[in-house]
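Descriptive structure summary
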Amino acid sequence: MDGKVIKNLDKHEGSITSVSFNPDGKLIASGSEDRTLKLWNLQGKVVQNFRHPKTVDNITFSSNGETIASVYQSSSMWSDVTSFTNLWRFDGTLIKTIESQFNNSNTNIKFTVQKIKFSSDGKTIAIVSVPLTFEEENSIYVNMIEINTENSRNFILEGHKNIPADISFSPE
């Protein structure tokens, strides 16, 4: 590795907001402010283009690599964290959209989605949101959703000094 650019993923018309490799490392998904999610091969060719309702906040692959999840908010700021998760097949077919909400009693706090992740068995998705005033709040909001039933559980993780770079499930 010499630090040289191998390929530019330059087919988006807006800024890229999220990038994820599939589990076998042969495909790359990118999400953008241009309301698209693109699936790329390692040669830098777009193999699938997904139209998205809003800016793609974050994307991830299921652990078996068969499903792509993308998350977005219906507005850039909400006092209640309302996010929408799209589950996609590789051919661009939308499997389902899951709406989730993190109710917050303090309606002065505005949120932004930071991360989405599948559990290792692919049955649950975790969505991490943080307040736009994170420096003052020091809290991370996690919404865990069972994909089949769409039941959700909410958690507030307090006392963090930095916005999380990632989230993981324990193997159990």
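If you're wondering where the values come from, they're calculated on a predicted model, not measured in any experiment. (Residues numbered from 1 in each chain as written. Predicted model: local features only at pLDDT ≥ 70, side-chain atom pairs only at ≥ 80, totals over all residues. Heavy atoms only, no water.)

**Observations regarding unusual backbone geometry**
Let me state the cut-off plainly: Helix and strand assignments come from DSSP, with helices taken as H or I runs of at least 4 residues and strands as E runs of at least 2, each series counted from the N terminus. Only protein chains enter the area calculation, which uses a 1.4 Å probe; residues under 20% of their type maximum are buried, those over 50% are exposed, and those in between are partly exposed.
A positive phi angle, close to 65 degrees, is found at R35, a residue other than glycine. Among the structural elements, R35 can be located in the loop between β2 (27-32) and β3 (36-41). Relative accessible area serves as the criterion here: at 38%, R35 is assigned to the partly exposed category. Unlike most non-glycine residues, E150 shows phi in positive territory, near 65 degrees. Within the secondary structure, E150 is located in the loop between β11 (139-146) and β12 (152-158).

**Concerning the nonpolar core**
The following threshold applies: For this analysis, a nonpolar core means a set of buried residues of the types Ala, Val, Leu, Ile, Met, Phe, Trp, Tyr and Cys, connected via side-chain atoms within 4.5 Å. Contacts between residues were defined by any pair of non-hydrogen atoms, one from each residue, lying within 4.5 Å.
In this structure, A69, V71, L87, I98, V113, I116, F118, I125, I127, I145 and I147 together form the largest nonpolar core, which totals 11 residues. Listing elements by their share of this core, those giving two or more residues are β6 (68-73), β9 (111-118) and β10 (124-131). Element by element, the count of residues in this core is highest for β9, at 3 residues. Once residues within four sequence positions are removed from consideration, I147 is found in contact with L87, K96, I98, F118, G122, K123, T124 and I125. In terms of nonpolar packing, the next biggest core, distinct from the first, is built from 10 residues, L37, F50, V56 and I59 among them.

**Quick notes on the pairing of β12**
Stated formally: For two strands to be treated as a pair, DSSP must find at least two bridges joining them.
Note that β11 and β12 share 7 bridges and pair antiparallel. Bridge pairing in β12 links N143 to N154. Linkage of β11 to β12, two consecutive antiparallel strands, is achieved through a turn of 5 residues, within which E150 is found at a positive phi near 65 degrees.

Fair warning: the whole summary comes from geometry, so function is off the table for now.
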